[in-house]
Amino acid sequence: MRVALLSDIHDNITHLLLALHTAEQHGCTHLLFMGDMTAASTFRTLREEWPHPIDLVFGNNEYELNAFSRIAEASANTRLHGTAANIELDKRRLFFTHLPRDAYKTAEAGNHDAVFYGHTHTQEIRTIGSTLVVNPGEIYGRNGVPSIGIYDTLTNSASIIRI
């Protein structure tokens, strides 16, 4: 399974739509979001435009938490996990969060196949022990390089794609 990795939208709907189109072109059938969508209207757009399951966590710039919860509850294939999530996809143990310190600490523990995070708006793919660690960068474009990550559960590998 190919999984789209998105983080740090900060309400840039134009880049979000490009990101979703790119993920679809790369055969992604699941989406993990690592926080900082910002407004509930952006979440509504994401939910309306992405036909596949979504798992997401809050970042430090979500301002309408109750609205986010209502949107997630109304969508059968959307799971809102709070500030961090442990999930299993295709027998891969995955952890994702917004903050790098939590991601690195979890990766160092060695109990997951892959760990994903956001917050820094900077792309990263590396390994800590046997755990893959990925920051897909940002959708927003603050650093001028909007991007997504693509995670492959079969090979436990990732790539970063500019949008």
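Above: the structure in question.
Residues numbered from 1 in each chain as written. Predicted model: local features only at pLDDT ≥ 70, side-chain atom pairs only at ≥ 80, totals over all residues. Heavy atoms only, no water.

*Asks:* What am I meant to see in the nonpolar core here?
*Replies:* Most often, soluble globular proteins keep nonpolar side chains buried together rather than apart. Counting 26 residues, the largest nonpolar core has L6, L31, M37, F43, L46, W50 and I148 as the members making the most contacts within it. Counting residues per element, the ones that place at least two in this core are β1 (2-6), α1 (13-25), β2 (28-33), α2 (40-49), β3 (54-56), α3 (65-73) and β10 (147-152). V3, L5, V57 and F96 belong to the second-largest nonpolar core, a separate cluster that totals 15 residues. (Core = buried A, V, L, I, M, F, W, Y, C linked by side-chain atoms within 4.5 Å. Buried < 20%, exposed > 50% of the residue type's maximum accessible area, 1.4 Å probe, protein only. Helix = DSSP H or I, 4+ residues; strand = E, 2+ residues; numbered from the N terminus.)

*Asks:* Where do I start with the packing of α2 against α3 in this structure?
*Replies:* When two helices pack together, their arrangement is given by the angle between their axes and by how far apart the axes lie. Here α2 crosses α3 at 15 degrees, and the two axes come no closer than 9 Å. When the axes of α2 and α3 are compared, the pair comes out roughly parallel. Crossing angle aside, the handedness with which α2 passes α3 is right-handed. The residues of α3 that touch α2, namely those facing A40, F43 and R44, are A67, F68, I71 and A72. Split into classes, the residues belonging to the contact of α2 with α3 amount to 6 nonpolar, no polar and 1 charged. (Axes fitted to C-alpha atoms, helices over the stretch in contact; angles between N-to-C directions. Parallel < 35°, antiparallel > 145°, perpendicular 65-115°, else oblique. Left-handed = near helix turned anticlockwise from the far one by under 90°. Contact = heavy atoms within 4.5 Å. Nonpolar A, V, L, I, M, F, W, Y, C, P; charged D, E, K, R; others polar.)

*Asks:* Could you clarify how one ought to interpret the sheet that holds strand β11 (residues 157-162) in this entry?
*Replies:* Here 6 strands make up an open sheet; going across it, the order is β4-β3-β2-β1-β10-β11 and the pairing mixed. Looking at the sheet topology across the chains shown, the edges are occupied by β4 (78-80) and β11. In this sheet, neighbouring strand axes are inclined to one another by 20 degrees on average, regardless of whether the strands run parallel or antiparallel. Bridge count for β1 against β2 is 5 bridges, and the pairing is parallel. Each residue of the ladder has a partner; that of L6, found in β2, is F33. Its contacts with the sheet put α2 on β2, β3 and β4, and the angle it makes with β3 is roughly 155 degrees. (Pairing = 2+ DSSP bridges.)

*Asks:* Explanation requested: the packing of aromatic side chains in the structure shown.
*Replies:* Any aromatic ring pair is given by two values, namely how distant the centres are and how the planes are angled relative to each other. Scanning the model with the defined rule gives 4 aromatic pairs in all. With centroids separated by 5.3 Å and ring planes inclined at 20 degrees, the aromatic side chains of F43 and F68 adopt a geometry described as stacked. One end of the pair, F43, is in helix α2; the other, F68, is in helix α3, with 25 residues separating them in the sequence. Neither F43 nor F68 differs from the other in exposure class; each is buried. (Phe/Tyr/Trp six-rings, centres within 6.5 Å; stacked < 30°, edge-to-face > 60°.)

*Asks:* What exactly am I supposed to notice about the sheet that holds strand β7 (residues 114-116) here?
*Replies:* Sheets are built from strands paired through backbone hydrogen bonds, the pairs being either parallel or antiparallel. If you trace the 5 strands from one edge of the open sheet to the other, you get β5-β6-β7-β9-β8, paired in mixed fashion. A single partner strand is all that each edge strand has here, and the edge strands are β5 (84-89) and β8 (123-128). The sheet shows a mean angle of 20 degrees between the axes of neighbouring strands, taken without regard to direction. Bridging between β5 and strand β6 (residues 92-97) involves 6 bridges; their strand directions are antiparallel. Note that in β6 the partner of N86 across the bridge is F95.

*Asks:* Honestly, the packing of α1 against α2 in this entry has me stumped. Any pointers?
*Replies:* Look at α1 against α2: their axes get within 11 Å of each other, and the N-to-C directions meet at 25 degrees. Looking at the two axes, α1 sits roughly parallel to α2. In this structure, α1 meets α2 at a crossing whose hand is right-handed. Counted together, I13, L16, L17 and L20 of α1 and T42, T45, L46 and E49 of α2 form the full contact between these two elements. Along the lines of polarity and charge, the residues of the contact of α1 with α2 split into 5 nonpolar, 2 polar and 1 charged.

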